[in-house]
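Spelled out from the first residue to the last, the chains are:
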Amino acid sequence: MSTTLRRAVAEDAQTLSALGARTFTETFAHLYPPEDLAAFLAYAYGLERTQRDLADPDKASWILEKDGTAIGYALAGPCDLPHPDVQADHGELKRIYVLKDHQGGGNGSRLLNTVLDWLEKDGPRPLWIGVWSENFGAQRLYGRMGFTKVGEYFFPVGQVRDLEFILRRG
Ligand SMILES: CC(C)(COP(=O)(O)OP(=O)(O)OC[C@H]1O[C@@H](n2cnc3c(N)ncnc32)[C@H](O)[C@@H]1OP(=O)(O)O)[C@@H](O)C(=O)NCCC(=O)NCCS
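Note that the structure is a prediction, hence the values are computed from the model and not measured. (Residues numbered from 1 in each chain as written. Predicted model: local features only at pLDDT ≥ 70, side-chain atom pairs only at ≥ 80, totals over all residues.)

Draft legend 1. Main features of unusual backbone geometry. With phi around 50 degrees, Asp67 is a residue other than glycine that occupies positive phi space. Tracing the sequence through the fold places Asp67 in the loop between strand S2 (60-66) and strand S3 (69-78). Assessed through the 9 C-beta atoms surrounding it within 10 Å, Asp67 is described here as exposed. (Helix = DSSP H or I, 4+ residues; strand = E, 2+ residues; numbered from the N terminus. Buried ≥ 20, exposed ≤ 12 C-beta atoms within 10 Å, placed from the backbone.)

Quick look at the structure:
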């Protein structure tokens, strides 16, 4: 069976919420005390927030499925990163995650290209991404797509503050 990529719809909320929590845990759980991780997962990947994102006409989510099972997703929309040059009409890749067992085979690039095309469907414009300062793999991927570092900020996960890089293209 093949791997398919499609826009997510309201009925995907439960799947996206669960996959979001699972992929964040797979990638970053080792960085945080369990109580900070649990609080963050409930807030950032809860069903309610996922439903709100799916209902927002300015945002879009995608699901990557293999044999009918979700293995990756992405979320994009207006940029709300804390940088003085961000303007209301700028776009942002907010999340992109592929389950560990399915990484490294082009799935992430496929997702990313689809998101970037959607963000620029009405023409080129400044695009932004926030990425953990030590996520070197993702930074390489974004660098290949033309993103460069223009700032930094601290992202709260429970009581922990992560240093995030702010990347921009265009
Ligand atoms: C980033 C990610 C979506 C890329 O998906 P993928 O299917 O591995 O991507 P592709 O196979 O198309 O491309 C591979 C590129 O992704 C990056 N990459 C590979 N493994 C990665 C990992 N574990 N974490 C982050 N980036 C990774 C590298 O740039 C790699 O290219 P390289 O090997 O030439 O350096 C995926 O690795 C992932 O979900 N990582 C964990 C979550 C994450 O870091 N998300 C980004 C948060 S800002």
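Draft legend 2. Layout of the sheet that holds strand S4 (residues 91-98). The strand order across the open sheet built from seven strands is S1-S2-S3-S4-S5-S7-S6, with neighbouring strands paired in mixed fashion. The two strands at the open ends of the sheet, each matched to only one other strand, are strand S1 (3-7) and strand S6 (148-157). Across the sheet, the mean angle from the axis of one strand to that of its neighbour is 25 degrees, orientation sign disregarded. (Pairing = 2+ DSSP bridges. Axes fitted to C-alpha atoms, helices over the stretch in contact; angles between N-to-C directions.)

Draft legend 3. Representation of the packing of helix H1 (residues 13-28) against helix H3 (residues 47-55) within the structure. Look at H1 against H3: their axes get within 9 Å of each other, and the N-to-C directions meet at 120 degrees. Relative to H3, H1 is oriented oblique. Classified by chirality, the crossing of H3 by H1 is right-handed. Residues Ala13, Gln14, Leu16, Ser17 and Gly20 of H1 form the contact with H3, whose participating residues are Leu47, Thr50, Gln51 and Leu54. (Parallel < 35°, antiparallel > 145°, perpendicular 65-115°, else oblique. Left-handed = near helix turned anticlockwise from the far one by under 90°. Contact = placed C-beta atoms within 7 Å.)

Draft legend 4. Region of the structure containing the site of the ligand. Around the ligand lies a shell of 17 residues, among which Gln103, Gly108, Ser109, Gly137 and Arg140 are the nearest. Counting residues per element, the ones that place at least two in the shell around the ligand are S4, helix H4 (107-119) and helix H5 (136-144). With four residues, the top contributor of residues to the shell around the ligand is H5. Classifying every residue of the shell around the ligand gives six nonpolar, 10 polar and one charged. (Near = placed C-beta within 6 Å. Nonpolar A, V, L, I, M, F, W, Y, C, P; charged D, E, K, R; others polar.)

All quantities given are derived from atomic positions and should not be read as evidence of function.
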